[in-house]
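# Commentary on secondary and tertiary structure
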Amino acid sequence: QKEVEQNSGPLSVPEGAIASLNCTYSDRGSQSFFWYRQYSGKSPELIMSIYSNGDKEDGRFTAQLNKASQYVSLLIRDSQPSDSATYLCAVPYAGGFKTIFGAGTRLFVKA
Amino acid sequence: GAGVSQSPSNKVTEKGKDVELRCDPISGHTALYWYRQSLGQGLEFLIYFQGNSAPDKSGLPSDRFSAERTGGSVSTLTIQRTQQEDSAVYLCASSLDFGGRAPGYEQYFGPGTRLTVT
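These lines cover the structure that appears in this document, whether it is placed above or below.

Here is what the cut-offs are and how they apply
- Residues numbered from 1 in each chain as written.
- Chains lettered and ligands numbered in written order.
- Predicted model: local features only at pLDDT ≥ 70, side-chain atom pairs only at ≥ 80, totals over all residues.
- Heavy atoms only, no water.
- Helix = DSSP H or I, 4+ residues; strand = E, 2+ residues; numbered from the N terminus.
- Rg over C-alpha atoms; globule rule 2.2 N^0.38 Å.
- Buried < 20%, exposed > 50% of the residue type's maximum accessible area, 1.4 Å probe, protein only.
- Contact = heavy atoms within 4.5 Å.
- Areas by Shrake-Rupley, 256 points an atom, 1.4 Å probe, with all protein chains shown as cover.
- Lys, Arg positive; Asp, Glu negative; His and termini not counted.
- Charge placed at Lys NZ, Arg CZ, Asp CG, Glu CD.
- Phe/Tyr/Trp six-rings, centres within 6.5 Å; stacked < 30°, edge-to-face > 60°.
- Lys NZ or Arg CZ within 6 Å of the ring centre and 35° of its normal.
- Pairing = 2+ DSSP bridges.
- Axes fitted to C-alpha atoms, helices over the stretch in contact; angles between N-to-C directions.

## A word on the overall build of chain B
If you tally the helices and strands in chain B, you get zero helices and 10 strands. Taken against the 2.2 N^0.38 rule, which gives 13 Å for 118 residues, the C-alpha radius of gyration of chain B at 14 Å falls within 12% of a compact globule. Referenced to the eigenvectors of the C-alpha coordinate spread, the extents of chain B come out at roughly 45 × 30 × 25 Å. Expressed as a percentage of the 118 residues in chain B, the buried residues total 47%. Here the contacts in chain B between residues at least 6 apart in sequence split such that 57% fall between residues at least 24 apart. Carbon together with sulfur atoms contributes 45% to the accessible area of chain B, which is approximately 5700 Å² in total. Chain B carries 11 positive and 12 negative side-chain charges, and their two centres are separated by 3 Å.

## So, the packing of aromatic side chains
Using the criterion set out here, one finds 11 aromatic pairs over all chains in the structure. When the centroid spacing of 5.7 Å and the interplanar angle of 40° are considered together, the rings of Y35 of chain B and F109 of chain B count as tilted. Of the two residues, Y35 of chain B is situated in strand β4 (residues 31-37) and F109 of chain B in strand β9 (residues 108-109); the sequence distance between them amounts to 74 residues. For Y35 of chain B, a relative accessible area of 0% gives the class buried. By relative accessible area, which is 11% here, F109 of chain B ends up buried. Three or more aromatic residues joined by ring pairs form one cluster here, namely Y36 and F101 of chain A together with Y33, Y35, F45, Y48 and F109 of chain B. The ring centre of F61 of chain A lies 5.7 Å from the NZ or CZ of R60 of chain A, which sits over that ring.

## A few points about the environment of S73 of chain A
All names here are of chain A. Looking at the secondary structure, you find S73 in strand β8 (residues 71-76). Sequence separation of S73 and A111 is 38 residues, and the distance between their C-alpha atoms is 24 Å. If near-sequence neighbours (up to four positions away) are discounted, S73 is found in contact with L21, N22, W35, T62, A63 and Q64.

## Here's the deal with the sheet that holds β8 of chain A
Residue and element names in this part refer to chain A. Spatial strand order, β1-β3-β8-β7-β6: five strands in an open sheet with antiparallel pairing. Edge positions in the sheet fall to β1 (4-6) and β6 (54-58), since each of these pairs with one other strand and no more. Each neighbouring strand pair of the sheet contributes to a mean axis angle of 20°, computed without reference to strand direction. Of the pairings in the sheet, the one linking strand β7 (residues 61-66) to β8 comprises six bridges and is antiparallel in character. From the neighbouring strand, F61 faces β8, where its bridge partner is I76.

Interpretation in functional terms is not warranted from these geometric data alone.
Below is the structure:
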């Protein structure tokens, strides 16, 4: 059974702080990893993709991947109240399109 | 350009009726996915289509669910003899196909269809 695990939260951080969201996955062969943001009542929106070990930065977002530990994380710097949402980790099965989504971590950024 | 579109946005149906949900992917995207999201829950994979390959139907919860994709573009998800547990938001997504290489699999979602079975 392929699994993607996330802490459900809620994770509460003050405005301006760094929010750290974590995800572990079971399929060692997976090569692509994605973070989606989902506001309440809306559909998921792709915010980060990462394919290689290490860090990938895009604005206030940094994705970190460690394939040996089967761990991927998302850091949000200078958190804003508008970042309050559920963040979903997504991992396609190795060699295919079937994608498993984690249950999501709810983030609250307090003004 | 235009994103993924879905129709209807909301559907209320009586238990036992059949429903059809439509998805129009981003132009040029060869992969199309259907997911279900129940209230407060995560995304449940249902089915995907990729190019001319046979669809992966492994996520369909029962034989009341079926999907087709005509002409490699528009897809229809059909639920027969709807049950109350079918009530959920049905999400469609599409992506490019790079044969498994980056940046393949980046999925773009439509706004969803909220299905309520009474």
